[in-house]
Amino acid sequence: MNTIEESFVPFPILETERTRLRPITPKDLRDIYEYCSVPEVSQYTMWNTHQSLEDTRRFVEFVLHRYAKLKVGPWGIEHKESGTLIGTCSFIDWDNRNQKAELGYVLSNVYWNHGLMTEVIRRVIQFGFDKLQLVRIEAKCHPDNIGSFKVMEKTGMELEGRLRNYLKVKDRYEDILVYSIVKSQ
């Protein structure tokens, strides 16, 4: 059994009908800033709205460091038609021994409600089960993040429960919903 880190060398490029999942590069700086600077996009995330290109540059440097050090880092979600980077998706946490991983994702508000993230998450789940041999994939979201939990439900994930005061996010303790899908489904 390969580890997740080994499966990301070389970094896997994934395709869906309308997107290409690929490594983020410094050339994506402006595209990332375009959606990370929108307060509605970061409302339910762990990170603050980007106030400047410097905030985004620090994020890109963080991602490039993850690629170099951990091998695993976020996929940039490139919209095939426009060539624009419109979001990211990644395994934000994983456990090789127990063959499980947690997904995280964000999408530009310009592309909300078009089914793009559902398309992306379906493809990443398929990759996780087929290539990485995961037995469980989970994702978490704020209870008010309707768009996020609808994506989870549309991709076959099931609600496992609500964890109360689970995370300190932007100086407040927040509840989160936990969703998962297992390979045997």
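Scroll up to find the structure.
Residues numbered from 1 in each chain as written. Predicted model: local features only at pLDDT ≥ 70, side-chain atom pairs only at ≥ 80, totals over all residues. Heavy atoms only, no water.

*Asks:* A description of the overall build of the chain should follow, citing residues and the corresponding values.
*Replies:* Assigned secondary structure in the chain consists of 6 helices and 8 strands. When the helices and strands of the chain are read in sequence order from the N terminus, they spell out α-β-β-α-α-α-β-β-β-α-β-α-β-β. Along the first, second and third principal axes, the C-alpha atoms of the chain reach 45 × 40 × 30 Å. Put simply, the chain has 185 residues, and 48% of those count as buried. In the chain, of all internal contacts separated by at least 6 residues, the share reaching a separation of at least 24 is 61%. (Helix = DSSP H or I, 4+ residues; strand = E, 2+ residues; numbered from the N terminus. Buried < 20%, exposed > 50% of the residue type's maximum accessible area, 1.4 Å probe, protein only. Contact = heavy atoms within 4.5 Å.)

*Asks:* Go over the nonpolar core with me, naming the residues and quoting the values.
*Replies:* Looking at soluble globular proteins, one finds that nonpolar side chains tend to be buried together. In terms of nonpolar packing, the biggest core is built from 48 residues, with Phe-8, Trp-75, Phe-91, Leu-103, Val-124 and Met-157 touching the most fellow members. Per-element accounting of this core gives the leading share, 8 residues, to helix H5 (residues 116–130). Not counting the four nearest positions on each side in its chain, Leu-103 is found in contact with Cys-89, Ser-90, Phe-91, Ile-92, Ile-121, Val-124, Ile-125, Ile-137, Glu-138, Ala-139 and Met-157. (Core = buried A, V, L, I, M, F, W, Y, C linked by side-chain atoms within 4.5 Å.)

*Asks:* Before we move on, could you go through the packing of aromatic side chains and cite the residues and values that matter?
*Replies:* Per the stated rule, a full pass over the model turns up 8 aromatic pairs. Ring geometry for Trp-75 and Phe-127: centres 5.7 Å apart, planes at 85°, overall edge-to-face. Here the residue Trp-75 occupies a position in strand S3 (residues 75–79), and Phe-127 occupies one in helix H5, the gap between them amounting to 52 residues. Geometrically, the ring pair formed by Phe-149 and Tyr-179 is stacked, given 6.5 Å between the ring centres and 10° between the ring planes. On the criterion of sequence distance, the pair formed by Phe-149 in helix H6 (residues 146–154) and Tyr-179 in strand S8 (residues 172–182) is long-range, its members being 30 residues apart. The exposure class assigned to Phe-149 is buried, which follows from its relative accessible area of 17%. (Phe/Tyr/Trp six-rings, centres within 6.5 Å; stacked < 30°, edge-to-face > 60°.)

*Asks:* Got a sec to walk through the side chain of Thr-88? Specific residues and values, please.
*Replies:* Along the chain, Thr-88 falls in strand S4 (residues 85–95). Thr-88 sits in the buried class, given a relative accessible area of 10%. If sequence neighbours within four positions are ignored, Thr-88 has contacts with Ile-24, Tyr-35, Pro-74, Trp-75, Ile-77, Gly-104, Tyr-105, Val-106 and Met-117.

*Asks:* Lay out the environment of Leu-163 in plain terms, naming residues and giving numbers.
*Replies:* Structurally, the position occupied by Leu-163 is in strand S7 (residues 158–169). On the basis of relative accessibility, which here comes to 31%, the residue Leu-163 falls in the partly exposed class. Between the C-alpha atom of Leu-163 and that of Lys-100, which follows or precedes it by 63 residues, the distance is 19 Å. Setting aside its immediate chain neighbours within four residues, Leu-163 contacts Glu-174, Asp-175, Ile-176 and Val-178.

*Asks:* Any chance you could break down unusual backbone geometry for me, citing the residues and the numbers?
*Replies:* Residue Pro-10 is bonded to the preceding Val-9 through a cis peptide linkage, with omega at -5°. Along the chain, Pro-10 turns up in the loop between helix H1 (4–7) and strand S1 (14–15). We note that Lys-71 has phi near 80°; this positive angle belongs to a residue other than glycine. As for its placement among the helices and strands, Lys-71 is situated in the loop between helix H4 (53–69) and S3. Not every positive phi belongs to a glycine, and Asn-113 is a case in point at roughly 65°. Structurally, Asn-113 is set in the loop between strand S5 (100–107) and H5. Looking at Asn-113, the relative accessible area reads 83%, which means it is exposed.

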